[in-house]
Each structure stands twice: as structure tokens, then as C-alpha cells.
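Residue-level structural notes
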Amino acid sequence: MALLMVPPLEQRPWPTLGPELCDWIEENLVYGPGPLKGEPYVVEPEFRAELYRIYEIFPRGHARAGRRRFKRAALSKRKGTAKTEKAAIIVAAEAYPSAPVRCDGWRRQGSVWVPVGRGVVDPYIPMVAFTEEQSEDLAYGVLRVILSESAIGEDFDVGLDRILVLDHRGRAAGKIQALASSPNARDGAITTCQHFDETHRMYAPRLKKA
């Protein structure tokens, strides 16, 4: 299978939140629909490498130290590689208050400074699909199952078209929302992460605006 990676890997790896994030995923999340439903999620080597890459950050001492290196990431995979489930796993981490998805400082590990992760305050994550039916059946639907089956599921209010992140008092402290491709839906909302399913179908003007 051909592999296209832009930009290519450098000889010297960038700092990344990937290792801490992978540990968090395996400690807290489970598999979604399928034969492994409800079993602890294992980050396979290829997905681990992708998460390491996606969550690279600028190194300590850089003018943008701690900021994410990449604003967008696109993974293109063949059918049968559970790409929809992987998207749901990432969204679950981006929504959870203590998941290590943003840099919160540095600690020494031997002779190397490694980043320390933290969660996002008041996350808003739209999960956009080609049609309303897809938004519920694809990554959003998988996410509902993952959270319902995971131990951390009690920290969410899981609904058919939205998932609320709950604080320690049970109040809404963030939101994940399934959206069909409407450019006016939540226009102006401050998104902290966003996911698009089946982007190869989004070629009509309405979809491009979304």
C-alpha cells in the first residue's frame, strides 16, 4: 500500500504528547461496535505512530514552545482499518477534561525535556458528516458506544445528537455535536477540535461552506 506523508519525517523527532495520550487512551477507553466491543482499547503500532505525529509540538525554547505543530491532520485509509473508530477515539480524548491533548509545561526525562499534557477547558467539537444520517451512524455513533461502554462514560451525558461533558458538579462543561453539512450551524462557535467524515463527498458549494 502506498504511503504519502506530508511533511516527511525528520531525522530528529519533534517533542510530542503522543506517548502520554496513548497511555491515557489505553487506560480509559474501549473498543466500539464490533467483535471487540467493550474490551480495553489497544493502540496498535500504526495508530500510535499517527498519534505521535499528529500531536507533535514546538520544542522548549522555541518562540511557539508547547503549541501544536499541525493545525490540521488528514488520515486516508482503506476500508476495514477502523478509521471511523480511530476518529471517535481522538474526539473522546479531545473532549475529556484531563486527557493530555494540550501542552501544560515540561519535565526532564533523563537529558531530554518532554511535554506534560492537560485537557481542554470548555471543549466544543462538531462532528460533521455528509448527511444527517451519516453524522449519527459514522464516527459520532461509534463515539456514543465507546463512551457508554467506558468507565469514563459517567462523566458525559450521551444523547442521540449531542454529548455533554460534565464537570464535578454534573453541570455541562463542554459539548460534542453531530452535524450534517450546514454552514450556518453553530456559525461563530469557538471550536476546540473538529472532525469530518467522508470528505471526498463534500464537493457541492453548500458542503464546501460547511
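Structure: see above.
Attention in this report is confined to the structure presented alongside it. (Residues numbered from 1 in each chain as written. Predicted model: local features only at pLDDT ≥ 70, side-chain atom pairs only at ≥ 80, totals over all residues. Heavy atoms only, no water.)

**Focus on the pattern of salt bridges**
How we decide: Whenever a carboxyl oxygen of Asp or Glu lies within 4 Å of a side-chain nitrogen of Lys or Arg, that contact is scored as a salt bridge. Strands here mean DSSP runs of E at least two residues long; helices mean DSSP runs of H or I at least four residues long; both are numbered from the N terminus. Buried, partly exposed and exposed residues are distinguished by accessible area as a fraction of the type maximum, computed with a 1.4 Å probe on protein chains only: under 20%, between the cut-offs, and over 50%, respectively.
Following the criterion strictly, the structure yields 13 salt bridges and no others. Taking the shortest distance from any N to any O, the salt bridge between E56 and R69 comes out at 2.7 Å. Taken together, the positions of E56 in the loop between α2 (45–54) and α3 (83–95) and R69 in the loop between α2 and α3 put the pair 13 residues apart, joining distant regions of the chain. Given the relative accessible area of 7%, E56 is considered buried. With a closest N to O distance of 3.7 Å, E94 and R68 form a salt bridge. Within this pair, whereas E94 is found in helix α3, its partner R68 is found in the loop between α2 and α3, the two being separated by 26 residues in sequence. Here R68 falls in the partly exposed class, since its relative accessible area comes to 23%.

**Notes on the side chain of K77**
Stated formally: We call two N or O atoms a polar contact when they sit within 3.5 Å, provided that within protein one can donate a hydrogen and the other can accept it, with sequence-adjacent residues counted only if both atoms are side-chain atoms. By definition in these notes, contact holds between two residues if any of their heavy atoms fall within 4.5 Å.
Counting through the fold element by element, K77 comes out in the loop between α2 and α3. You can call K77 buried: its relative accessible area is 14%. Within polar-contact distance, the side chain of K77 engages the side chain of E46 at 2.8 Å. A polar atom in the side chain of K77 sits 2.6 Å from the side chain of E50. Residues in contact with K77, not counting those within four places in the same chain, are E46, E50, K83 and K86.

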